[in-house]
Amino acid sequence: MFSEEKIILKDIIIHRRCESLTGFKCRISPTRLKRGIDPFSVLNPASGVCNFCPERVYADTPVFENKSRITIGESVTFPNLYPFAKVHVVTVITKEHSPEYYTKKQISDALKGQYEALKDKEGYPSINWNNQPSAGASMIHPHIQGICDDFPTYATGVYIRKSSQYLTDRDENYWDKLRENEKNSERYLFGDEIFWSANPVPFGEKEIRGYLPISSLSEFSSYIDDFSSGLVKVIGYYKELGHYAFNMALRFDKNNSDGSFKAFASVIARINPNPLSTSDSAFMERLHLEPVVLTIPEDIGENYRKMN
Ligand SMILES: [Zn+2]
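Calculation rules
Residues numbered from 1 in each chain as written. Predicted model: local features only at pLDDT ≥ 70, side-chain atom pairs only at ≥ 80, totals over all residues. Heavy atoms only, no water. Donors = N, O, S within 2.8 Å, 3.2 Å for Na, K, Ca; no water. Tetrahedral: all angles 85-135°; square planar, octahedral: opposite > 155°, others 65-115°. Helix = DSSP H or I, 4+ residues; strand = E, 2+ residues; numbered from the N terminus. Pairing = 2+ DSSP bridges. Buried < 20%, exposed > 50% of the residue type's maximum accessible area, 1.4 Å probe, protein only. Arc of directions from axis to C-beta. Axes fitted to C-alpha atoms, helices over the stretch in contact; angles between N-to-C directions. Parallel < 35°, antiparallel > 145°, perpendicular 65-115°, else oblique. Left-handed = near helix turned anticlockwise from the far one by under 90°. Contact = heavy atoms within 4.5 Å. Nonpolar A, V, L, I, M, F, W, Y, C, P; charged D, E, K, R; others polar.

Caption draft 1: Summary view of the coordination of the zinc ion. Within the first shell, the zinc ion binds the protein through Cys50 (SG), Cys53 (SG), His97 (ND1) and His141 (ND1), at distances of 2.1 to 2.3 Å. Taken together, the four donor atoms coordinating the zinc ion span angles of 105 to 123 degrees at the metal, a pattern that classifies the geometry as tetrahedral. Every donor residue of the zinc ion comes from the same chain, spaced as C-x2-C-x43-H-x43-H. On the criterion of sequence distance, the pair formed by cysteine 53 in the loop between β3 (25-28) and α1 (57-60) and histidine 97 in the loop between β6 (87-92) and α2 (104-118) is long-range, its members being 44 residues apart.

Caption draft 2: View of the sheet that holds β3. An order of β1-β2-β3-β14 is seen for the four strands of this open sheet, with the pairing classed as mixed. Both edges of this open sheet fall to β1 (2-9) and β14 (292-293), since each of them pairs with a single strand only.

Caption draft 3: Summary view of helix α7 (residues 297-307). Along α7, the positions that sit buried rather than exposed are Pro297, Glu298, Ile300, Gly301 and Tyr304. In a view along the axis of α7, the buried residues occupy a sector of 155 degrees, so they form one face of it.

Caption draft 4: The arrangement of the packing of α2 against helix α5 (residues 224-240) in detail. The N-to-C vectors of α2 and α5 enclose an angle of 130 degrees; their axes lie 9 Å apart at closest approach. The angle between α2 and α5 falls in the class oblique. Viewed along their axes, α2 and α5 form a crossing whose handedness is right-handed. Taken together, the residues of α5 that come into contact with α2 (itself represented by Lys104, Ile107, Ser108, Leu111, Lys112 and Tyr115) are Ile224, Asp225, Phe227, Ser228, Ser229, Leu231 and Val232. Grouping the amino acids of the contact of α2 with α5 by side-chain chemistry returns seven nonpolar, three polar and three charged.

Have a look at this one:
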């Protein structure tokens, strides 16, 4: 379901891959791991009280039109003060300012907050997470963000359009086919109804995708617990490998869609916070939209099974 060409330079092999459905491309260059630019140990100090800490969150954040916020377990959900989408909501996940670990309950309560805030909105929702400043978080205190507009984001739009085209052309659901294919691949990690595997054409370093059997956010409610336990496992696996910073995006189609697109989450590892602000997003990622990653996706499956 993807194609690969190899660029061979003496003893260096660069894999250039293309996802057949969408045309999205990436390059995989394991040699670049040798640069060792991502030390394991530099983390933010956990000191201080911020606007998302329990002492301040109810005073410093906006409320919904009904004058309230959504509180589920430790999580608190409210509108983003600085929105970039028609609907843009923030969920503070934990009471703790900079927790070392997340429990499944913390994640599922936060996702339930997002679900409550987004479920009746018209349009194309996604639930997203920047963890750590080097992954784009402006606040260290962990939080997830839901956005919803009348149109999908660029990448989600390509997936939705091409999935519909695929169904029309082949009378077969792309995501059912992909599920079968990935489950039997070296990239498969764990899970059944929601299953997780390394993406063969990664959007970022060690991209792991969680595939859901549903299309829209309105169907998400009964899958939140299962999804959360999977996400906690992926975060734990990253941590074991020394990745503390990551991004996550969980994409949905609009409610009452034709079902040709199925929701999925992408999680990518990002460079850890570091004193020089060394970045892992450069001209290839930002201007050519063709990410360069370091790890071969098939190796992630093998490594995961070894460690678990
Ligand atoms: Zn805080």
